[in-house]
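Each chain is listed here by its residues.
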Amino acid sequence: MDEPNMRVQLQQRKDDLVAMGLMVQKALSGAVEALKTRNLAMARRIMADDARIDDKRFEIENKCIDMMAENRNSRTDLRTLVAILSMIIELERIGDYAEGIAKIVILIGDEPPLKPLIDIPRMTEITVEMVDTSLKSFLSGDVELAKKVTTIDNTVDNLYDQVFRELLTFMMVDPKTISRATRLIWVAHNLERAADRATNIADRVIYTVSG
């Protein structure tokens, strides 16, 4: 494969990565929106669409492997391809967390809300921003931008701790709330883990750029 063609294909793989990232961000935001609005139809769509995210991951993976098999890649190109392979795994897992939240929405059904949702939507906004920023840092090769993602992760961790303590208090005061509170804790846990995956992407950017 000649150098110009390799450049084109490498850019295409980056574009594919961004497309997958957008799918994951939409799924995560949509899952929590479905939770807020008790939109079971939206939750079911997100669960069904997880297969599309999985397919996108394997599509990108196969294309990267085909490029690596050419044996004409520079060290920089190989490092970029390996980084993309790593990132699509992280994105696929974030998609799984979104699917998990959608499943919780189905479990909750039409149960009355335990409390107004404030911190969980905030966790979602930050996590989606982390995914977006980590991918932008990869495209631009901006290590400092990637480092900001790792810092933001602390905010999500703190919000998770806050949600956990608050819901634990609900359960202690009124055992009848245990089921509803536990499900919200699952949602918050999925978001916290999704933020960790976004941080992993940022860490990979730092390594890819700086070595």
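Residues numbered from 1 in each chain as written. Predicted model: local features only at pLDDT ≥ 70, side-chain atom pairs only at ≥ 80, totals over all residues. Heavy atoms only, no water.

Another point: the packing of aromatic side chains. Following the criterion strictly, the structure yields one aromatic pair and no others. Above the ring of Tyr97, the side-chain terminus of Arg93 is found at 5.0 Å from the ring centroid. (Phe/Tyr/Trp six-rings, centres within 6.5 Å; stacked < 30°, edge-to-face > 60°. Lys NZ or Arg CZ within 6 Å of the ring centre and 35° of its normal.)

Compared with an ideal rise of 1.5 Å per residue, which puts 31 residues at 45 Å, helix α5 (residues 143–173) spans 47 Å between its outermost C-alpha atoms and is within 8% of the ideal. Along α5, the residues classified as buried are Val143, Ala146, Val149, Asp153, Val156, Leu159, Tyr160, Val163, Leu167 and Met171. Of the surrounding elements, those touching the buried residues of α5 are α4 (119–140) and α6 (178–210). (Helix = DSSP H or I, 4+ residues; strand = E, 2+ residues; numbered from the N terminus. Expected span 1.5 Å × (residues − 1). Buried < 20%, exposed > 50% of the residue type's maximum accessible area, 1.4 Å probe, protein only. Contact = heavy atoms within 4.5 Å.)

Let us now look at the environment of Arg204. By the element assignment, Arg204 lies in helix α6. Beyond its immediate stretch of four places on either side in the chain, Arg204 contacts Val82, Ala83, Ser86 and Met87.

Per-residue confidence for the protein gives a mean pLDDT of 94, with 99% of residues at or over 70. For the protein, the element scoring lowest by mean pLDDT is helix α1 (residues 3–37), at 94; α4 scores highest, at 97. (pLDDT = per-residue confidence, 0-100.)

Before going further, it helps to examine the packing of α4 against α6. Following both chains from N to C, one finds α4 and α6 inclined at 15 degrees, their axes separated by 9 Å at the closest point. On the basis of their axis angle, the class for α4 and α6 is roughly parallel. Note on packing geometry: the crossing formed by α4 with α6 is left-handed. Taken together, the residues that form the contact of α4 with α6 break down as 16 nonpolar, six polar and one charged. (Axes fitted to C-alpha atoms, helices over the stretch in contact; angles between N-to-C directions. Parallel < 35°, antiparallel > 145°, perpendicular 65-115°, else oblique. Left-handed = near helix turned anticlockwise from the far one by under 90°. Nonpolar A, V, L, I, M, F, W, Y, C, P; charged D, E, K, R; others polar.)

Let's shift gears to unusual backbone geometry. Unlike most non-glycine residues, Arg38 shows phi in positive territory, near 55 degrees. Inspection of the secondary structure puts Arg38 in the loop between α1 and α2 (40–68). The exposure class assigned to Arg38 is partly exposed, which follows from its relative accessible area of 27%.

A few words on a nonpolar patch on the surface. Nonpolar side chains collect at one region of the surface, where Phe164, Leu168 and Met172 lie side by side and expose about 300 Å² of accessible area between them. If you trace the backbone, Leu168 turns up in helix α5. (Patch = residues over 30% accessible without salt bridge, like charges linked within 9 Å, V, L, I, M, F, W, Y side chains within 5 Å. Areas by Shrake-Rupley, 256 points an atom, 1.4 Å probe, with all protein chains shown as cover. Salt bridge = Lys/Arg side-chain N within 4 Å of Asp/Glu carboxyl O.)

So, about the pattern of salt bridges. By the definition in use, this model includes 18 salt bridges. Salt-bridge contacts for Arg57 lead to Glu92; the nearest nitrogen and oxygen are separated by 4.0 Å. Here Arg57, found in helix α2, pairs with Glu92, found in helix α3 (residues 75–108); they are 35 residues apart in sequence, far enough to count as distant. A residue is classified by how much of its surface remains accessible, and Arg57, at 14% relative accessible area, is buried. Given a relative accessible area of 12%, Glu92 falls into the buried group. Of the charged contacts in the structure, one is a salt bridge between Lys115 and Glu166, with a shortest N-O distance of 3.7 Å. Residue Lys115 is located in the loop between α3 and α4, and its partner Glu166 is located in helix α5; the two are separated by 51 residues in the primary sequence. Linked through salt bridges whose partners overlap, the residues forming this network are Arg13, Asp16, Lys56, Glu59 and Lys63.

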